[in-house]
Amino acid sequence: MLALADRVGGIVDHSFSPLLLANMAVARTSGWVTATFAEVANRADAILVVGGDPGPRFPRFRERLVANAHPLYRQHPPEVLYVGPREEVLDASCAALVAREELLDALGLLAMLVCGMPAKRPLQHPAALALEAIAARLAAAHYAAIVWDVAAFLPGEAEYGVELISAMLRGLNAKTRCVGLPLGGSGNGIGAMQAALWQTGWPLPVGLTADAPVHDPQLFSGSRRIAAGEADVLVWVAALTSDAPPPGALPVIAIVADDIDLPEPPAVEIRVGIPAIDHAGAIFRADTVIALPLRPARPSARPTVADAAKAILASLPEAS
Amino acid sequence: MITRLTGGRIIDPVRSRGESPRDLWIEDGRVIEPPVDGRPPDRVLDLGDGLVMAGAIDIHSHIAGGKVNLGRILAAADHRAHAHGRSGKTCRSGSGLATPSSYTTGYRYASMGYTAVFEPAMVPSNARAAHLEMADVPIVDKGAYVMLGNDEYLLRRLGGGAGQAEINDYVAWMMRSTAAHAVKVVNAGGISAFKFGKRGLALDEPGPLHGVPPRRIIATLARAVAELGVPHPLHVHCNDLGVPGNIATTLATIDAAEGQPIHLTHAQFHSYGAEGKRGFSSAAALLAERVNRSPNVSIDVGQVVFGPTMTESGDTQAQFRNRRFADPDKWIMMDIECDGGCGVVPFRYRDRNFVNALQWAIGLELFLLVEDPWRIFLTTDHPNGGPFASYPQLVRLLMSRDYRQECLAAIHPAARKATLLEGLTREYTLAEIAIMTRAAPARSLGLEDRGHLQPGAAADLAVYRPQDDLEAMFRAPALVMKGGVEVARDGAVIATPQGTTQVVRPEYDRLVERRIRGFFDDHMSVGFETFPLAEDELAEAGAPLEPRPCRTSGAK
């Protein structure tokens, strides 16, 4: 799809990219310290969960990273710490419960405590005691992990929240070890980001203009373009997810899996197979390092999305 | 189809040291003997008085894998400043100089006469992703070195008393599982120690938990690579990278190999003394002297180039130390999957900074003091010392003493005084450049049909237009062919065939898999069956495998 967009001067975005962009923005401007699943599962002796219970969106989080049976390095199950809304109480040994609207305030105070910045005592915050205890436990841990899901922040607050986490990670690693683990990546959004980064040099959304690839989260936002009708045509690809194209005024070329109902007939409809059912592929995990192979579950003559893109490319008039 | 190249002066040091005017005949992507049956060529290309060399081979360049994407994330300015749109019939758009996008990487290498590039730091768990990315590097052949020596399985088996044979089997299993061409060790034991909070690990210091000292890791892996018959020796990124006085560790690392073949990579970063009032000095002469009398040792330089770049390394201890020099001030560290790590730190080498200037001089001292061009390779440890696009300038520095003196005059005065460079008169010949950038890397990597232009060789070649400006000559060869296809003319890419993935697949005793499987089942986050790349995966990704045989002589 990137090749096709490059040929016709298109914009490429992924429907999950808004959930990845806050993390991406902080990584780009400040950097951070992260780890992959196996490091957290085998090593973390304290896990701070920020913003809410990961369970509903990531049902295997606890089983795989907290309650795994044979950790290599930690002697006991990790201590779970929590900063987040009181309506999502986790089974945590130490919890700073706040209203969701107050999450940034609490994180800001925690970051100050963790980084050893001077604060006026006694601390004027309803969760001060819990936050101080969490800061002390992060500092005392041999290898702590901070886990968050951008979706847990209020709209517009995620980037600042992740920035505070990044500050904590940089501060804590000066003396001990602490790693971040941003959750996310549904619909292979991470894989789309990775491929865009290596093929164009930029994360999504990317505009493949005549002069250069350009990254601009506002200008090239796919959802905004669709809503505003700011494109000549929408090429809607859904093979891993089962989403129909959003309603809008743009003519649609739908490259979608067999099982997707299209409420409105698109201008062009191309049915494709589903990765891991009809054909092979690879999908990236949330920790960005590991690509898992997808192997077909049945013989299938269905084309892949790549087949469709290549066929469209081949039928375009010769590039000049 | 038969192509005949006429008029060129061929520099093919495998055959002779000088230039030889001879025609080159090409059929089906290979150099052939001139047909004796009088068959006329289908086409004739007149090379004028062009200098013809085999396609160049980069033995150590970070072109793919998770760390490069992290570098791209941190390198917005680089990607804004160096961007290009789609061009011609086949060239994709792209961006970046220090961390170029994948297509741009292939185009730029090919336009400079390079036809094969080796990614030296593939973390085992990142192998599938790294290969998917490399499949999008067009034109050049690729290969990758799998990073071992900080992987929990190896460390615990060494700590648990495993014998050499078991380690050999594990290394072979790992090479096959990750489609690797060679084995690299980065800061042996140090990346693992960093995860336990240790900020350094001396060569004889027992590592955390398993108590295995780096020296033993290096010795065992060097022997494993040799006994398996893997053509390229163990590729070693020594401990204590960048630390003043690290020459002691570097020389001791050569000892650790116990006479086995060993390749020391980016040796410039490991040739530091701690003398002088600034506590930082050149120890290049010590390393060069040692290399000169140790036929089992080869090095690549990791030359520093002044300007902004990105440093990307598996060596989290070194990168974490260097974070305070980040320019701009941002950095990313990552602990990876109980088998590796990476640290990415933007950096700017400044000619008026004493340390940077001396680093630049140390690299050049190594080039000029190591006598045998078959055992020293031209690298900048792209992008850690500087972008690979600066190779033409480096060649000029090696071939022209006048130019070197001119550059030397511009660096920090104290660094100028602290280097031997002023008195080094050596100028590389074209034949020596052809050895160090073609014939020698091909031999070291076991690529028997690369690096020369004898009949049977791949028709990978570059034709340079002789001119006084050596940098211009090497930046934009008049013609580059890959597998007999014209891929670039005068620095512009005109065709983008797909290269192959070079792999070495040693045999091993399958019994070793039983224990590895148990380890994956108990501790790892991917399954034992999921971890290895399947045979057809790379071909489907567009980079078919080209397996190279193991050496049989000297093997167990």
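Keep in mind that this is a model prediction, so the values were computed, not measured.

Draft legend 1. Region of interest: the overall build of chain A. For chain A, the helix and strand inventory stands at 10 helices and 14 strands. For chain A, the spread of C-alpha atoms along the principal axes amounts to about 70 × 40 × 35 Å. When contacts within chain A are restricted to residue pairs at least 6 apart in sequence, those whose partners lie at least 24 apart make up 61%.

Draft legend 2. Layout of the interface of chain B and chain A. In this assembly, 48 residues from chain B lie in contact with 52 residues from chain A. Considering each element in turn, the side of chain B that touches chain A owes the most residues, 6 residues, to strand β20 (residues 331-336) of chain B. Tallied by class, residues from the side of chain B that touches chain A come to 16 nonpolar, 17 polar and 15 charged. Judged from the 5 bridges that link them, strand β2 (residues 31-35) of chain A and β20(B) form a sheet pairing that is parallel. When the bridges of β20(B) are listed, W32(A) appears paired with I332(B).

Draft legend 3. How the structure looks around the sheet that holds strand β4 (residues 24-27) of chain B. Residues and elements named next belong to chain B. Pairing within the open sheet is mixed, and its 4 strands lie in the order β5-β4-β1-β6. Each end of this open sheet is capped by a strand with a single partner; those strands are β5 (30-32) and β6 (43-46). Ignoring strand direction, the axes of neighbouring strands in this sheet form an average angle of 30 degrees. Where strand β1 (residues 2-6) meets β4, 4 bridges bridge the pair, whose relative direction is antiparallel. Paired with T3 across the bridge in β4 is I26.

Draft legend 4. Structural detail: the packing of helix α10 (residues 284-292) of chain B against helix α12 (residues 354-369) of chain B. Residues and elements named next belong to chain B. Contact pair α10 / α12: the axes reach a minimum separation of 9 Å and the direction vectors enclose 25 degrees. Relative to α12, the element α10 is oriented roughly parallel. Here the hand of the crossing between α10 and α12 comes out right-handed. Contacts between α10 and α12 involve A284, A285, L287 and A288 from the former and I362, E365, L366 and L369 from the latter. Each residue belonging to the contact of α10 with α12 can be placed in one class, and the counts come to 7 nonpolar, no polar and 1 charged.

Scoring rules and cut-offs
Residues numbered from 1 in each chain as written. Chains lettered and ligands numbered in written order. Predicted model: local features only at pLDDT ≥ 70, side-chain atom pairs only at ≥ 80, totals over all residues. Helix = DSSP H or I, 4+ residues; strand = E, 2+ residues; numbered from the N terminus. Contact = placed C-beta atoms within 7 Å. Nonpolar A, V, L, I, M, F, W, Y, C, P; charged D, E, K, R; others polar. Pairing = 2+ DSSP bridges. Axes fitted to C-alpha atoms, helices over the stretch in contact; angles between N-to-C directions. Parallel < 35°, antiparallel > 145°, perpendicular 65-115°, else oblique. Left-handed = near helix turned anticlockwise from the far one by under 90°.

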